[in-house]
Amino acid sequence: MIPFPLLAAVLLGVGLRIHGADAVPGYQINCGAGAEQVSGNVTWLPDARFIAVGNATDIPSLPAAPMLSSLRYFPDASARKHCYVLPAVKATKYLVRTTYYYGGFDGGQAPPVFDQIIDGTRWSQVDTAGDYASGRATYFEAVVVAAGKAVSVCLARNAATAPGSSPFISALEVVPLDDSVYNATDFASYALSTISRHSFGHDGSIISDGDQFTRYWQPYSDGVSPVVESQGSVAPGAFWNKPPEDVFRRGVTASRGNVLDLQWPPAPLPTASYYLALYFQDNRTPSPLSWRVFDVAVNGQPFFASLNVSTTGSMVYGAEWPLSGQTKITLTPAPGSPVGPVINAAEIMMVVQLGGRTHPRDVIGMETLARGFVNPPSDWSGDPCLPVGNSWTGVACSEGPLARVTALNLTNLNVGGSISDHISNLTAISSIWLVGNNLSGPIPDMSPLHHLASLHLENNQLTGPMPPLLGDLPKLQELFVQNNNLQGTIPNNLRNRTGIAFQYTPGNNLS
């Protein structure tokens, strides 16, 4: 889990420069909003189509950014998580950004603390108190690859969530990335969580102009290094990560023969592996002599030797760079170099081990089961099993990176609807208890459930015959179906089976 958010936050009243001719791809969701809002080239969508739980409210004191004028909060403390589910293309890479602005929506003095989750991975703790006290909203970013046809982003209470307080969210963005972006990362095993992304020598507004993926490039200056203006242009498409051209318009440098030291990112880093990308451009007018050569070191360790930077720009990166504490980037000019080194932008992301996911077979089974139910538990969305401690209510699972559903217990939860045939997908399940609900329709075929030992369907409104193959389940020891409206003949393989507790009366019309 990531211990802190993106190091810079959005200062309310300082607008984001996000505009241009092209519409922004993906989903930009204004949480709690009742209608679309357009800001520049961004159309902010209301969130009702992506989530079915929680309460929407407007912020009493309207901040500058339109996507911060409302939020959705989740007062149901019994739910293990509250999930947005967005359509995705399997194996596609996405930038996920969550934004939080408390605004005193609950009448309290400080924002609640809670976790955020992507699919089956606990992403980070959300604690926005410091930023809110300074008049700022807080945003987090991650890069993930979709394991299936949807990406879920969830909020969940944790030990730091105060009693009576509710997790909340102001905005959610999910933007597809090109294959080349951050492509040195093994996204089958890891995600990236943004720590800092800065454009050096800039001040004022956050830069997002020209960034086709709407990434935020914070302005940064150490107040010491000279700032230079670029006299040439770069082609963002020539870089794997496709940074916007604007981040190359300025940079920081050192005079001829001098080393350039930057303490960046601004805050100390926890011990971990990081993806680090650095961007450079010789700022002088393009000519055969417009290039600079220097060595790049990070915390005294060689990062790239004899980097030759021209007016067309350069990028160097480390995919899994071990860092801890305060970080220093050192640019050392080559002997006899006529000009000093220069750097324009940088981004650093923590490499995060994925927390696993539920087996796709079980996901299909559970999602179809949920669609067939009326009034399922409110947290039946997102990954059914993971993270550990945030499975769906009534669902128990095996451990490991590919979890299986092993038990289902919705006793007396006032669930209606019918039992989907896809319950047969849950081939690792050993116990199904759907006792005391309002379930109707037939008992589906469960013949593939070879591990099923206990099946309790009593006190519902089920109709139809007893499935003939139930008696062939090799491990079945308990079968309780009394107080339903079942009809027909009890199959011989059930009537004559020994070593099973089979209860079908009172109720029913079975013989």
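Anything mentioned here points back to the structure above.
First, a word on scope: everything that follows refers to the structure included in this document. Sequence positions are assigned chain by chain, starting from 1 and proceeding in written order. Two thresholds apply to this predicted model, a pLDDT of at least 70 for residue-level local features and 80 or more for giving and counting side-chain atom pairs, whereas whole-chain, interface and lining totals are computed over all residues. To get the side-chain values, take all heavy atoms of the structure and skip hydrogens and water.

**Points about the nonpolar core**
Reasoning step 1: Nonpolar core, defined: a set of buried Ala, Val, Leu, Ile, Met, Phe, Trp, Tyr and Cys residues in which side-chain atoms within 4.5 Å join the residues together. Buried, partly exposed and exposed residues are distinguished by accessible area as a fraction of the type maximum, computed with a 1.4 Å probe on protein chains only: under 20%, between the cut-offs, and over 50%, respectively. With 45 residues, the main nonpolar core has Tyr84, Val96, Tyr100, Ile169 and Leu172 as its most contacted residues.
Reasoning step 2: We count a stretch as a helix when DSSP gives it H or I for four or more residues in a row; a strand needs E for two or more, and each element gets its number in order from the N terminus. Of all the elements, strand β11 (residues 136–145) adds the most residues to this core, at 5 residues.
Reasoning step 3: Should any heavy atoms of two residues lie within 4.5 Å, those residues are considered in contact. Non-local contacts of Tyr84, meaning those with residues more than four positions away in its chain, are made with Cys31, Asp47, Phe50, Ile51, Arg72, Phe74, Val151, Ser152, Val153, Ile169 and Leu172.
Reasoning step 4: Within the second largest apolar cluster, 39 residues are counted, among which are Met366, Leu369, Leu426 and Met466.

**Notes on helix α2 (residues 360–372)**
Reasoning step 1: A helix's residues, less one, multiplied by 1.5 Å, set its expected span. For α2, with 13 residues, the first-to-last C-alpha span of 18 Å sits near the 18 Å given by 1.5 Å per residue.
Reasoning step 2: Of the residues making up α2, those classed as buried are Asp362, Val363, Gly365, Met366, Thr368, Leu369 and Ala370.
Reasoning step 3: In this structure, the buried residues of α2 make contact with β27 (357–358), β28 (373–374), β29 (395–397), β30 (402–403) and β31 (405–409).

**Quick look at the pattern of salt bridges**
Reasoning step 1: A side-chain nitrogen of Lys or Arg and a carboxyl oxygen of Asp or Glu constitute a salt bridge if their distance falls within 4 Å. By the definition in use, this model includes 14 salt bridges.
Reasoning step 2: Taking the shortest distance from any N to any O, the salt bridge between Arg136 and Asp131 comes out at 3.2 Å.
Reasoning step 3: Among the residues examined, Arg136 registers a relative accessible area of 29% and is labelled partly exposed.
Reasoning step 4: On the basis of relative accessibility, which here comes to 16%, the residue Asp131 falls in the buried class.
Reasoning step 5: One salt bridge connects Asp211 with Arg215, and the closest N-O pair in it is separated by 2.9 Å.
Reasoning step 6: Residue classification places Asp211 among the buried residues on the basis of a relative accessible area of 6%.
Reasoning step 7: Take Arg215: its relative accessible area is 1%, and that puts it in the buried class.
Reasoning step 8: Members of the salt-bridge network, linked through shared partners, are Arg97, Glu141, Glu173, Arg197 and Glu347.

**Examining the state of the cysteines**
Reasoning step 1: A pair of sulfur atoms, both from cysteines and within 2.5 Å, is called a disulfide here. All chains considered together, the criterion is met by 2 disulfides.
Reasoning step 2: Residue pairing for Cys83: its cysteine sulfur links by disulfide to Cys154, the two sulfurs lying 2.1 Å apart. Where Cys83 bonds to Cys154 through sulfur, the torsion about that S-S bond is close to 105°, and the disulfide is right-handed. Of this pair, Cys83 sits in strand β7 (residues 82–87) while Cys154 sits in strand β12 (residues 150–156), placing them 71 residues apart in sequence. Accessibility classification places Cys83 together with Cys154 in one group, the buried group.
Reasoning step 3: With its disulfide-bonded cysteines labelled consecutively along the sequence, the chain is connected as 1-2, 3-4.

**Quick word on the sheet that holds strand β34 (residues 438–441)**
Reasoning step 1: In spatial order, the strands read β28-β32-β34-β36-β38-β40; together these 6 strands make up an open sheet with mixed pairing. Every interior strand has two partners, whereas the edge strands, β28 and β40 (509–510), have only one.
Reasoning step 2: In this description, strands pair whenever DSSP reports at least two bridges between them. Relative to strand β36 (residues 461–464), β34 runs parallel, the two sharing 2 bridges. Along β36, the bridge assignment pairs Ser440 with Gln461.

**Focus on the pairing of strand β2 (residues 27–30)**
Reasoning step 1: Note that β2 and strand β14 (residues 171–176) share 4 bridges and pair antiparallel. Within β14, the position partnered with Gln28 by the bridge is Glu173.
Reasoning step 2: Note: β2 against strand β4 (residues 42–46), 2 bridges, orientation parallel. Bridging from a neighbouring strand, Ile29 pairs with Leu45 of β4.

**A closer look at the sheet that holds β12**
Reasoning step 1: Read across the open sheet, the 4 strands follow the order β7-β12-β9-β10; overall the sheet is antiparallel. The open sheet is flanked by β7 and β10 (121–126), the only strands paired with a single partner. Averaged over all neighbouring strand pairs, the angle between strand axes comes to 20°, with direction disregarded.
Reasoning step 2: Two strands pair when backbone bridges link them, and β7 and β12 are joined in this way by 6 bridges, in the antiparallel orientation. For Pro87, the partnering residue across the bridge sits in β12 and is Ala150. Axis geometry follows a simple rule: fit a line to the C-alpha atoms, using only the stretch in contact for helices, then measure angles between N-to-C directions, giving values from 0 to 180 degrees.

**A look at the packing of aromatic side chains**
A ring pair, where both rings are aromatic, is described by two values, the distance of the centres and the angle of the planes.
Reasoning step 1: Within 6.5 Å between ring centres, the rings of Phe, Tyr and Trp (the latter by its six-membered ring) count as paired, and their orientation is classed by plane angle as stacked under 30 degrees, edge-to-face over 60, tilted in between. With the rule as written, the count across this model stands at 26 aromatic pairs.
Reasoning step 2: Counting every residue linked through ring pairs, the aromatic cluster contains Tyr73, Tyr100, Tyr101, Tyr102, Phe105, Phe114, Trp123, Tyr132, Phe140 and Phe168.
Reasoning step 3: Look at NZ for Lys and CZ for Arg. If either is within 6 Å of the ring centre and within 35 degrees of the ring normal, a charge sits over the ring. Of note, Arg97 hangs over the ring of Tyr216, and the distance from its end group to the ring centre comes to 3.8 Å.
Reasoning step 4: Sitting over the face of the ring of Trp217, Arg197 holds its NZ or CZ atom 5.6 Å from the ring centroid.

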